[in-house]
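Each chain, written out:
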Amino acid sequence: MNILVATDFTSRSQRAVRRAGILAGQHGGKLVLMHVIDGPDPHEVVPDLREAQRMIVEQIAVVPELHGISCEPLVVGGCPPDAILDAAAAHCPTSAPVGQIEGLHERRMAGSS
């Protein structure tokens, strides 16, 4: 089982990362830890992408619930709801992302993926 968890590095998303680590450990799953840099121009977000990548790698190293879990860091630029759904389709094809993401419900209702 693959688990995709999107993080914005807040304490709320930190709890989600920890819970995802527990679930991955219980089920022998792989965790894809994702952050989306919201921005239309890839050249403008490159420094943010590098910093977010560093933060995710650091998070994997220091969160106790992730020790011993196969974790893949994923940092992308784009529209967060679209990027999260695209990552879910690519990394976790048998599951659906959960959580409160503005715009996600509208995209799912429109039937796009």
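Details of the structure are given in the entry above.
Calculation rules
- Residues numbered from 1 in each chain as written.
- Predicted model: local features only at pLDDT ≥ 70, side-chain atom pairs only at ≥ 80, totals over all residues.
- Heavy atoms only, no water.
- Core = buried A, V, L, I, M, F, W, Y, C linked by side-chain atoms within 4.5 Å.
- Buried < 20%, exposed > 50% of the residue type's maximum accessible area, 1.4 Å probe, protein only.
- Helix = DSSP H or I, 4+ residues; strand = E, 2+ residues; numbered from the N terminus.
- Contact = heavy atoms within 4.5 Å.

### Observations concerning the nonpolar core
One recurring pattern in soluble globular proteins: nonpolar side chains tend to sit buried together. The biggest cluster of nonpolar side chains holds 17 residues, and the ones touching the most others in it are Val-5, Leu-31, Leu-33, Ile-60, Leu-66 and Cys-71. Broken down by secondary-structure element, the contributors of at least two residues to this core are strand S1 (2-6), helix H1 (11-27), strand S2 (30-37), helix H2 (42-62) and strand S3 (70-77). In terms of residue count, H2 provides more of this core than any other element does, four residues in total. In contact with Leu-66, other than residues within four places in its own chain, are Val-17, Gly-21, Leu-31, Gln-59, Ile-60 and Cys-71.

### Some details on unusual backbone geometry
Even without glycine at this site, Phe-9 takes up a positive phi of about 70 degrees. Inspection of the secondary structure assignment puts Phe-9 in the loop between S1 and H1.

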